[in-house]
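Examining the three-dimensional arrangement
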Amino acid sequence: MMENFFTHLTWLQAIGTTFGVCQVLLARNNNIHNYLFGITSILIGIWVLYQSKLYADILLNMYYLVMSVYGWIYWKFGKQKEETPISYASGQEQIKAMGIVLLCFVLMVYWLMYYTNSDVPIWDAAVSAFAWAGMWLMAKRKMENWIYLNISNIISIPLLFYKELYIYAGLTIFLFLVGTSGYFKWRKIVIHDTSRRTAEA
């Protein structure tokens, strides 16, 4: 019975991972359809994480779900009813991102320690805190999203191995590599767009 349960979780991880890989590759290439694959991966991940008692990650995935819908709309229409370009975060947006990290970390640690049976509250909270800020920046198509998401990935990898979620750990290693590549890919796009606008001016 227990063996069948873990086999079931492994298959769900594999399916969720496939959609997650598609999502991050599309995001790296600045393709708006990344959100469709991401939403599917998120829904599968919520169930797997619930079974593994990673409650902060469940909340993180619910947040991902909301931000994925918001991000798709923002990427598509932006503030001026036209597609939003990639840009660097302003000073105010950087402060907001750091505020999200600190506030999320404090609230998550408190909730996990006193209201759940989590055995890794600080670790779990740190993963979520940086990812929350990274996803917010991703939805706004800001370059810095890759930095925050990769900090979350670095913390997450050993946590997933500890929880014996090996497929998700492998996915997170992959996400870290693509996140690094994505940063440089987006930077090239920004440089190209800046050069084009300068030439047209």
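Everything numeric here is computed off the predicted structure, so don't read it as measured data.

What to know about empty space enclosed by the protein
Per the stated rule, a full pass over the model turns up 1 cavity of 30 Å³ or more. Volume-wise, the largest cavity comes out at about 720 Å³. Put simply, the parts of the chain that give the lining of the largest cavity at least two residues each are helix H1 (2-28), helix H2 (34-51), helix H3 (55-77), helix H5 (121-139), helix H6 (145-162) and helix H7 (166-200). Counting residues per element, the lining of the largest cavity draws most heavily on H6, which supplies 7 residues. Of the residues in the lining of the largest cavity, the class split is 16 nonpolar, 14 polar and 1 charged.

Looking at the pattern of salt bridges
Opposite charge on two side chains allows them to pair when their charged atoms are near. For the structure shown, the criterion picks out 3 salt bridges. Between Glu 93 and Lys 142 there is a salt bridge; the shortest N-O distance is 3.5 Å. Of this pair, Glu 93 sits in helix H4 (residues 91-115) while Lys 142 sits in the loop between H5 and H6, and the two are 49 residues apart along the sequence. Assigned by exposure class, Glu 93 and Lys 142 land together as buried.

Focus: unusual backbone geometry
Within the chain, Arg 141 stands out as a residue other than glycine whose phi angle is a positive 60°. Summarising the element assignment, Arg 141 is placed in the loop between H5 and H6. Judged by its relative accessible area of 1%, Arg 141 falls in the buried class.

The rules behind these values
Residues numbered from 1 in each chain as written. Predicted model: local features only at pLDDT ≥ 70, side-chain atom pairs only at ≥ 80, totals over all residues. Heavy atoms only, no water. 1 Å grid on protein atoms, 1.4 Å probe; cavity = no way out; pocket = protein on both sides within 12 Å on 5 of 7 lines; lining within 4 Å. Points joined across faces, edges and corners; volume = space filled by probe spheres on them. Helix = DSSP H or I, 4+ residues; strand = E, 2+ residues; numbered from the N terminus. Nonpolar A, V, L, I, M, F, W, Y, C, P; charged D, E, K, R; others polar. Salt bridge = Lys/Arg side-chain N within 4 Å of Asp/Glu carboxyl O. Buried < 20%, exposed > 50% of the residue type's maximum accessible area, 1.4 Å probe, protein only.

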